[in-house]
Amino acid sequence: MKASEFNRFVEKYIRPSTYPIGFRLVKHEGEVPEKARRFEGITICQAYNMARRYKWTVYFDANTICPIGLVAYGFCEADELYRRGELAYDAGYASTKEAGIEFENAVAKLRTGEYSGAFVFPLERDEAVPDFAVIYGTPAQILRLIHSVLHERGGAFETRILGRAACSEYLEAFIEKKPRFVLPCYGDRLFGLTQDDEVAFAFPWSMAEEIARNLEATHKRGIRYPVPATSLRLKLSLPKSYEESLKNMKKSD
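Attention here is on the structure that accompanies the text.

Each value, and the rule that gives it
Residues numbered from 1 in each chain as written. Predicted model: local features only at pLDDT ≥ 70, side-chain atom pairs only at ≥ 80, totals over all residues. Heavy atoms only, no water. Helix = DSSP H or I, 4+ residues; strand = E, 2+ residues; numbered from the N terminus. Buried < 20%, exposed > 50% of the residue type's maximum accessible area, 1.4 Å probe, protein only. Contact = heavy atoms within 4.5 Å. Areas by Shrake-Rupley, 256 points an atom, 1.4 Å probe, with all protein chains shown as cover. Lys, Arg positive; Asp, Glu negative; His and termini not counted. Charge placed at Lys NZ, Arg CZ, Asp CG, Glu CD. Pairing = 2+ DSSP bridges. Axes fitted to C-alpha atoms, helices over the stretch in contact; angles between N-to-C directions. Core = buried A, V, L, I, M, F, W, Y, C linked by side-chain atoms within 4.5 Å. Polar contact = N/O pair within 3.5 Å; in protein donor to acceptor, adjacent residues only side chain to side chain. Patch = residues over 30% accessible without salt bridge, like charges linked within 9 Å, V, L, I, M, F, W, Y side chains within 5 Å. Salt bridge = Lys/Arg side-chain N within 4 Å of Asp/Glu carboxyl O. Parallel < 35°, antiparallel > 145°, perpendicular 65-115°, else oblique. Nonpolar A, V, L, I, M, F, W, Y, C, P; charged D, E, K, R; others polar.

### What to know about the overall build of the chain
Right, so step 1: If you tally the helices and strands in the chain, you get 11 helices and 7 strands.
Right, so step 2: Here the C-alpha coordinates of the chain stretch approximately 85 × 45 × 35 Å along the principal axes.
Right, so step 3: Expressed as a percentage of the 253 residues in the chain, the buried residues total 46%.
Right, so step 4: In the chain, 70% of the contacts between residues at least 6 apart in sequence involve partners at least 24 apart.
Right, so step 5: Carbon and sulfur atoms provide 52% of the accessible area of the chain, an area that totals close to 13,500 Å².
Right, so step 6: Computed over 36 positive and 35 negative side-chain charges, the separation of the two mean positions in the chain equals 9 Å.

Right, dumping it as structure tokens:
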């Protein structure tokens with residue numbers, strides 16, 4: 001399925017306020033689109049937030065500045081401070097450096113040097129076949145994507161939440177070949193300007209057709225966004241004076 005075709009399903013059935021985005025990991029410079037924008041001194045979360053908000057194709061590599069993202073995407077080898085858990089401890093997430101080590105152990109990681117960089121782009125632009133895709137939305141919008149995963153499979157949607165390193169949680173969808181519900185991390189909100197009411201959904205591109213098919217199927221069966229609230233269809237209880245006035249008006253007709 002082409003990225004733009006999948007995007008049409010998302011726009012039709014979910015209507016997110018920002019562009020659904022695809023990530024493509026690259027091994028060589030020649031794989032990067034010529035029009036991709038490049039920035040030094042930014043975080044990975046800034047890169048993909050620019051893509052989803054500005055409709056840009058953005059390239060990122062070892063020139064980005066978040067050490068957690070650099071290790072997760074395999075652009076750099078972890079240093080001693082990282083391995084000792086000092087990053088999570090110094091940032092305030094971990095109460096001890098030992099707990100900090102557990103934080104870092106939980107971060108999904110590619111092998112160091114496996115890829116030289118990545119570019120992220122709005123799906124509607126068809127820049128490439130994504131390795132994985134991410135959609136931001138409200139909880140109710142992301143719920144529709146969870147419905148689409150479970151429609152044919154049944155059961156429960158399982159995920160894990162790190163509370164940090166959201167860029168690695170998106171990456172984990174690619175590594176594990178499983179969809180992820182992601183609660184965007186503090187850095188994503190601080191540096192990427194993700195809003196309080198936004199959550200996200202990541203999935204390996206191999207699931208695109210299944211998700212699109214089941215977005216449509218569940219919509220046809222009445223599971224929709226916006227949620228069709230029943231209160232709009234209920235008979236209202238009006239103040240007595242309103243009811244009397246209504247009767248009088250109808251009598252006069």
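The discussion continues.
### Some points on unusual backbone geometry
Right, so step 1: Following Tyr 225, the chain continues into Pro 226 via a peptide bond in cis, with omega recorded as -5°.
Right, so step 2: Mapped onto the elements, Pro 226 comes out in the loop between helix H10 (208-220) and helix H11 (240-252).
Right, so step 3: With a phi angle near 65°, Lys 55 is a residue other than glycine that sits in the positive phi range.
Right, so step 4: Inspection of the secondary structure assignment puts Lys 55 in the loop between helix H2 (44-54) and strand S3 (58-61).
Right, so step 5: One non-glycine residue, Leu 193, lies in the positive phi region at around 65°.
Right, so step 6: Structurally, the position occupied by Leu 193 is in the loop between helix H9 (186-190) and strand S7 (199-204).

### As for the sheet that holds strand S5 (residues 132-137)
Right, so step 1: The strand order S2-S3-S4-S1-S5-S7-S6 describes an open sheet built from 7 strands, whose pairing is mixed. In the strand order of this sheet, the two ends are held by strand S2 (37-38) and strand S6 (180-182), each with one partner.
Right, so step 2: Relative to S5, strand S1 (residues 21-26) runs antiparallel, the two being bridged by 3 bridges. Looking at S5, one finds that Gly 22 is bridged to Ala 133.
Right, so step 3: Sheet strands in contact with helix H8 (residues 166-176) are S1, S5, S6 and S7, and its direction is about 170° off that of S6.

### Some thoughts on H8
Right, so step 1: Of all 11 residues in H8, 9 are buried; the element is thus mostly enclosed.
Right, so step 2: Taken as a whole, H8 has its buried residues at Ala 166, Cys 167, Ser 168, Glu 169, Tyr 170, Leu 171, Glu 172, Ala 173 and Phe 174.
Right, so step 3: Directly after H8, the chain includes Lys 177, whose backbone phi takes a positive value near 60°.

### What about the pairing of S1?
Right, so step 1: Counting buried positions along S1 yields 5 of 6 residues, so the element is predominantly enclosed.
Right, so step 2: Judged from the 6 bridges that link them, S1 and strand S4 (residues 117-122) form a sheet pairing that is antiparallel. Paired with Val 26 across the strands is Gly 117, a residue of S4.

### Thoughts on the nonpolar core
The nonpolar side chains of a soluble globular protein tend to be buried, and buried together.
Right, so step 1: The biggest cluster of nonpolar side chains holds 40 residues, and the ones touching the most others in it are Phe 23, Tyr 48, Phe 60, Tyr 73, Val 134 and Tyr 170.
Right, so step 2: Elements represented by at least two residues in this core include exactly S1, H2, S3, helix H3 (67-72), S4, S5, H8 and S7.
Right, so step 3: Ala 3, Ala 36, Phe 119 and Leu 215 belong to the second-largest nonpolar core, a separate cluster that totals 29 residues.

### Observations concerning the environment of Arg 24
Right, so step 1: With respect to the helices and strands, the residue Arg 24 is situated in strand S1.
Right, so step 2: When the C-alpha positions of Arg 24 and Ile 223 are compared, they lie 32 Å apart, and in sequence the two are 199 residues distant.
Right, so step 3: When near neighbours in sequence (up to four residues on either side) are disregarded, Arg 24 contacts Gly 117, Ala 118, Phe 119, Phe 121, Ala 128, Val 129 and Asp 131.
Right, so step 4: Reaching out from Arg 24, the side chain makes a polar contact with the backbone oxygen of Val 129 at a distance of 2.7 Å.

### Points about a nonpolar patch on the surface
Right, so step 1: Judged by side-chain polarity, Tyr 93, Tyr 186, Leu 190 and Phe 191 come together as a nonpolar surface patch covering roughly 450 Å² of accessible area.
Right, so step 2: Counting through the fold element by element, Leu 190 comes out in helix H9.

### A short note on the packing of helix H7 (residues 139-153) against H10
The packing of two helices is summarised by the inter-axis angle and the distance between the axes.
Right, so step 1: In the contact formed by H7 and H10, the axes pass within 8 Å of each other and the chain directions differ by 95°. One way to sum up the angle between H7 and H10 is to call them roughly perpendicular. Only Glu 210, Ile 211, Arg 213, Asn 214, Leu 215, Ala 217, Thr 218 and His 219 of H10 make contact with H7, whose side of the interface consists of Arg 144, Leu 145, His 147, Ser 148, Val 149, His 151, Glu 152 and Arg 153.
Right, so step 2: Tallied by class, residues from the contact of H7 with H10 come to 5 nonpolar, 6 polar and 5 charged.

Read these as spatial facts, not as claims about activity.
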